[in-house]
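# Summary of the model geometry
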Amino acid sequence: MAVTGAVLFSYVVVHMAGNLKFFGGPDSINGYGVFLREFLTPVLGYGGLVWVVRVVLLLAVVLHGTAAVQLARRARKARPVGYAKRPRVQGGYAARTMRWGGVILALFVVYHLLDLTAGVLNPHGVDGDIHANVVADFQHWYVVLAYTLAVVALGFHLRHGLWSAVRSLGGTVRNAQTVALVLAVVVTVGFLAVPFSVFFGFVR
Amino acid sequence: MKYTLRVWRQDGPTVPGRLVEYTVDDISADMSFLEMLDVLNERLLLQGEDPVAFDHDCREGICGACGVMIDGVAHGPEKATTTCQLHMRHFDPRKPIVVEPWRAAPFPVVRDLVVDRSALDRVIESGGYISVQAGAAPDAHAVPVPKPAADTAFEAAACIGCGACVAACPNGSSMLFTAAKVTHLGVLPQGQPERRSRALDMVRAQDDLGFGGCTQTGECTAVCPKGIPLDTIARLNHDVLSAVARSS
Ligand code: HEM
Ligand code: FES
């Protein structure tokens, strides 16, 4: 759970940072897309890196999900009879919503791939024309809403997940809760910058 | 004061149970929760009914025998307090109090509020010991213990094995209990020889017994009558991982 989560987290951070190239204009983000595909072309072939990353991510997602399902199953088996009355004591919202949050993120990734990678659900949907695809997307409030929900879910998922992962790997970090919260907020805000600047017309 | 209770009644491990409503009168604010149950039981006995079975021993918060789910919170609403040390002044007489046994597959209900917690003994047997030379008592200070290690060990050794962590955990995990034992023994010099095998063996034992897996929700520490910190779990994971790394 912790190791695959760390792989996914690294991807999310790089992706969020890469998205900020959107603010550099069409040449910047579209050029970045080409750069990612040309990277190490002599060794991997054109688009090779992208495929390597895809395989690693798919593997990580599958293992992450499998571990989550196993934990959920064990939890159900460990408490076959529930309590008649059960308020929340500690009640960390993020901790309680890890499983459903994960499901939301998985569904989002499917939609997101069909939208901005395959282009089939994108209003513009032209391969390689990343800037225009993104701008076309976020003209619509419902697309912005879908992305916002997913990114906020990601923020909650990271807030508990990061902290929990460190402990699962045997580490105790000073102020770990706060560090996890800050990282989660940075990722959330970083991702949301793009859809909101388009929606409110700062970038067109 | 007069209280309304809804208490789990179950005649035996294999028969179904249910919540039964009782009212108890003449309860003083200074009575403990168990003394309130004593008052109820005296009345039930006089009426020729079976008293409510519950576990207790020391009644001073050190043995770990007592422990019930009170309104869905292990050991009730007060922090760092066992059920026997919980006073009735913390309860509003206008609200019914729901009393249930610990719920976990490895803790089968014996009767009413009594569950069999010997699964925790199995976890201890799997690694909760140190190897010493039996015989004459060792010299005092023969093995120096650094002060920070002594403090950490003492904090973890406060665990009374009541099982509240399991009862509160949404995953039904005994991780905090096991982590307390592994910390208590593993930070002391005397506990070093078996440090890694102990952690691994105890985690395996709890998994085999049917306890759930830890996802660090923190519900356990929140209800722990001894306030065992969640950091003990990170230490346990550290020892388990280094045991796995060495054996492979
Ligand atoms: C506002 C937020 C986001 C924007 C604007 C955005 C934008 C994009 C764009 C434009 C692409 C296509 C890149 C290309 O074709 O070169 C892409 C791919 C991708 N994004 Fe996002 N993304 C966002 C959030 C997320 C989040 C939260 C996740 C994960 C939880 C995610 C996971 C992915 C994945 C897995 C790919 C596919 C990479 C591939 O294999 O080609 N994205 N994103
Ligand atoms: S009866 Fe001993 S701890 Fe409560």
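Here the residue index of a chain counts from 1 through its sequence in written order. Whichever chain is written first becomes A and whichever ligand is written first becomes 1, with later ones labelled in order. Where local features are concerned, this predicted model is filtered to residues with pLDDT of at least 70; where side-chain atom pairs are given and counted, the filter is 80 or more; whole-chain, interface and lining totals use all residues. No hydrogens and no water enter the side-chain calculation; it runs on all heavy atoms of the structure.

Runs of H or I in DSSP of at least four residues are treated as helices and runs of E of at least two as strands, each being numbered from the N terminus. Within chain B, the secondary structure is distributed over 8 helices and 7 strands. Seen through its principal axes, chain B has C-alpha atoms that stretch 60 × 35 × 35 Å. Buried means the residue's accessible area, taken with a 1.4 Å probe over protein chains only, is under 20% of the maximum for its type, while exposed means over 50%, and partly exposed covers the values in between. Across the 248 residues that make up chain B, the buried fraction comes to 52%. Throughout, a contact is declared for two residues whenever any of their heavy atoms are within 4.5 Å. Residue pairs in contact within chain B that sit at least 24 positions apart in sequence constitute 67% of those at least 6 positions apart. Summed over all atoms, the accessible surface of chain B reaches about 11100 Å², with 53% contributed by carbon and sulfur. Where accessible areas are quoted, they stem from the Shrake-Rupley method and a 1.4 Å probe; at the residue level, only the protein chains shown are allowed to cover.

Before going further, it helps to spend a moment on the site of ligand 1. Residues and elements named next belong to chain A. Nearness of a residue to a molecule or strand requires only that one of the residue's heavy atoms be within 4 Å of it. Near ligand 1 you find 17 residues, and of these His 15, Arg 37, Arg 54, His 112 and Phe 191 are the closest. Side-chain polar atom of His 15 to a nitrogen atom of ligand 1: 2.8 Å apart, as the coordinates give it. Of all elements in the fold, only helix 1 (2-19), helix 6 (98-117), helix 7 (130-137), helix 8 (141-168) and helix 9 (176-199) reach the threshold of two or more residues within the shell around ligand 1. The dominant element in the shell around ligand 1, judged by the number of residues it contributes, is helix 6, at 5 residues. We call Asp, Glu, Lys and Arg charged. Ala, Val, Leu, Ile, Met, Phe, Trp, Tyr, Cys and Pro are nonpolar, and the rest, Gly among them, are polar. Class assignment for the residues of the shell around ligand 1 results in 11 nonpolar, 4 polar and 2 charged. Any pair of N or O atoms that falls within 3.5 Å is considered a polar contact. Within protein, one atom must be able to donate a hydrogen and the other to accept it, and sequence-neighbouring residues count only if both atoms are side-chain atoms.

Under the feature "transmembrane region" (unreviewed entry), the UniProt entry names residues 43-72, 93-114, 140-158 and 179-203 of chain A. Within the segment residues 93-114 of chain A, helix and strand shares are 95% and 0% respectively, and the terminal C-alpha atoms sit 30 Å apart. UniProt positions are given in the numbering used here, feature names are shortened, and annotations may be inferred rather than shown by experiment.

Turning our attention to the interface of chain A and chain B. Every contact between the two is made by 28 residues of chain A and, on the other side, 38 residues of chain B. For the pair chain A and chain B, the two sides together bury roughly 2600 Å², of which 52% comes from carbon and sulfur. Here, a salt bridge means any side-chain nitrogen of Lys or Arg that lies within 4 Å of a carboxyl oxygen of Asp or Glu. Applying the counting criterion to the chain A and chain B interface returns 3 salt bridges. With a closest N to O distance of 3.5 Å, B:Asp71 and A:Lys85 form a salt bridge. Of all the secondary-structure elements, those providing two or more residues to the side of chain A that touches chain B are helix 4 (48-78) and helix 8 of chain A. Considered class by class, the residues forming the side of chain A that touches chain B number 12 nonpolar, 9 polar and 7 charged. By definition, the buried area sums, over both parts, the 1.4 Å-probe accessible area that each loses when the two are put together.

The subject of this paragraph is the environment of B:Lys226. Residues and elements named next belong to chain B. Take Lys 226: it is sitting in the loop between helix 7 (219-223) and helix 8 (231-247). For the pair Lys 226 and Gly 61, spaced 165 residues apart in sequence, the C-alpha separation works out to 9.1 Å. In contact with Lys 226, other than residues within four places in its own chain, are Gly 61, Ala 158 and Ile 160.

The phi torsion of most residues other than glycine is negative, and most of the peptide bonds are trans. Residue and element names in this part refer to chain B. Phi at His 141 takes a positive value of approximately 65 degrees, unusual for a residue other than glycine. Examined against the element boundaries, His 141 turns out to sit in the loop between helix 2 (118-125) and helix 3 (147-157). A positive phi is found at Gln 216, a non-glycine position, where the angle reads about 55 degrees. Accessibility expressed as a relative area gives 2% for Gln 216, which makes it buried.

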